[in-house]
Amino acid sequence: LDPVIDNTVARSPTAPAKALLELAVVDPACGSGHFLLAAARRIAERVARLKSSGTPTPDDYRHALRQVVGRCIYGVDLNPLAVELCKVALWMEAVDPGLPLTFLNAHIREGNALLGTTRAVMGNEVPDDAWAPLEGDDKKVATSLKKRNKSERVGQEVLPLGTPAAPEGVRDAVEALDAAPDTTAADVSDKERRWSELLASAPWKHAKLVHDAWCAAFVWPKEKAGPLTEVAPTTAVWRALRDGKAAPTKLLVETTERLARDYGLFHWELAFPTVFARGGFDVVLGNPPWERVKLQEQEFFASRDDAIAKALNAAERKKLIAELPVRNPELWDDWSRESRVAQGTSHFVRASGRYPLCGKGDVNTYALFAEHNWQVLGPKGRAGFIVPSGIATDDTTKDYFQAVTRARALRSMWEFENEGFFTAGKGHMLRFALTTLVGRDDPVDA
């Protein structure tokens, strides 16, 4: 963070404090906001010093911190409780006597940071590989949808490269919302109203449905031929939806919205259009989760069924799971649903093109976050994150590590042995690395 602050001040000698308040700092797995709080304090300290032209008073610092929290800080988390805790933590830290709490709903968002798409990833079609059968799907239906999709991909015009990632009206509305004051309770109330109106607006809902439907193709229920098969978002259906040539059917909308909720779909360019209009985030930071995408039987049943969790071996565990439809139908439904979501997530990661470098092998979320952090980084920004050092040594991440080094994007990597820093089942032998990347316009010398 410090190099970004220093470079920003150096590039804006006439108005350095204003330039700092235009920085965009994000933690894509923010949890309760510890990393974001630390970043906000660091920026606010410099802003307060610049504005006071010397040693700032406590009031100067509090006022600067409130500005930084409201303008510069962004976060995403899959857990709705974590999102609320993050907001509360930022509010408590940024209290400025006499002023209302800052409006944070547009910056601290709920969703799966890893599951979503962009204009570049979508291109002009739904990939044929999207229609591979998942657990519970009819293979014949999956094959027919794949054939239909393949036949629809031919002979259509490609959208011009200048097409914005988010509708212009949406981007303008978000920009106006960010610029609006929040120094009175009425100001904050007005921001809340405008935010709700934006999320309910036709341009926003259409753009989100287009993004959601493209992603939904990868996890669409491929049941026996019927209404769901007819409305499935194959390339022709999706293009018609995108271009507004045909009103989407009720079944398509309802199924897409349900899948978007089940998978927590989150589209970064649509969620933060003003940030991506200028190339991405200035700072990306955090300690993302280190979890295998594949659903782990023992972990799932640990708090749900002791007999399955403590089975002597995998074969015995699978036998007990197979008995659940009779012994505990409700738990079987939960297991089946979670299994499909995990399988669908893995399929999307591997087949969508969102993760060309790390979406392979036994996929772990830490590797996906490492690739994502590089994707959303601005041209002169920096990303700093904590991941297992396998990011540099594992076979499944070698393409990523080669790419960042060839692009001269790897600023530093410090490896540590785990001497009790991370204890939740990670073990003494696991090593972790503090990794720093730079943006494409600021390559490293060595």
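Residues numbered from 1 in each chain as written. Predicted model: local features only at pLDDT ≥ 70, side-chain atom pairs only at ≥ 80, totals over all residues. Heavy atoms only, no water.

### A closer look at the overall build of the chain
Within the chain, the secondary structure is distributed over 23 helices and seven strands. In terms of principal-axis extent, the alpha carbons of the chain reach across some 70 × 55 × 45 Å. Here the chain holds 446 residues, and 49% of them are scored as buried. When contacts within the chain are restricted to residue pairs at least 6 apart in sequence, those whose partners lie at least 24 apart make up 75%. A total of about 21,700 Å² of accessible surface is found on the chain, and carbon and sulfur atoms cover 54% of it. (Helix = DSSP H or I, 4+ residues; strand = E, 2+ residues; numbered from the N terminus. Buried < 20%, exposed > 50% of the residue type's maximum accessible area, 1.4 Å probe, protein only. Contact = heavy atoms within 4.5 Å. Areas by Shrake-Rupley, 256 points an atom, 1.4 Å probe, with all protein chains shown as cover.)

### A short note on the packing of aromatic side chains
Counted according to the given criterion, the structure contains 15 aromatic pairs. Aromatic pair Trp 214 and Phe 348: ring centres 6.5 Å apart, planes at 85°, arrangement edge-to-face. Taken together, the positions of Trp 214 in helix H10 (residues 202–216) and Phe 348 in helix H20 (residues 329–351) put the pair 134 residues apart, joining distant regions of the chain. The pair Trp 214 / Phe 348 is uniform in exposure class, with both members buried. (Phe/Tyr/Trp six-rings, centres within 6.5 Å; stacked < 30°, edge-to-face > 60°.)

### Quick word on the layout of surface pockets
The gaps left among the atoms become clear once a water-sized probe is rolled over them. If you add up the space inside the largest pocket, you get close to 1,400 Å³. Lining of the largest pocket is provided by 49 residues; of these, Pro 289, Trp 290, Glu 291, Arg 292 and Thr 365 occupy positions nearest its centre. Breaking the lining of the largest pocket down by element, the ones donating at least two residues are helix H3 (34–52), strand S2 (73–77), helix H13 (250–263), helix H16 (297–301), H20 and helix H21 (365–375). Here the lining of the largest pocket takes five residues from H20, the largest share from any one element. A volume near 700 Å³ is recorded for the second largest pocket. (1 Å grid on protein atoms, 1.4 Å probe; cavity = no way out; pocket = protein on both sides within 12 Å on 5 of 7 lines; lining within 4 Å. Points joined across faces, edges and corners; volume = space filled by probe spheres on them.)

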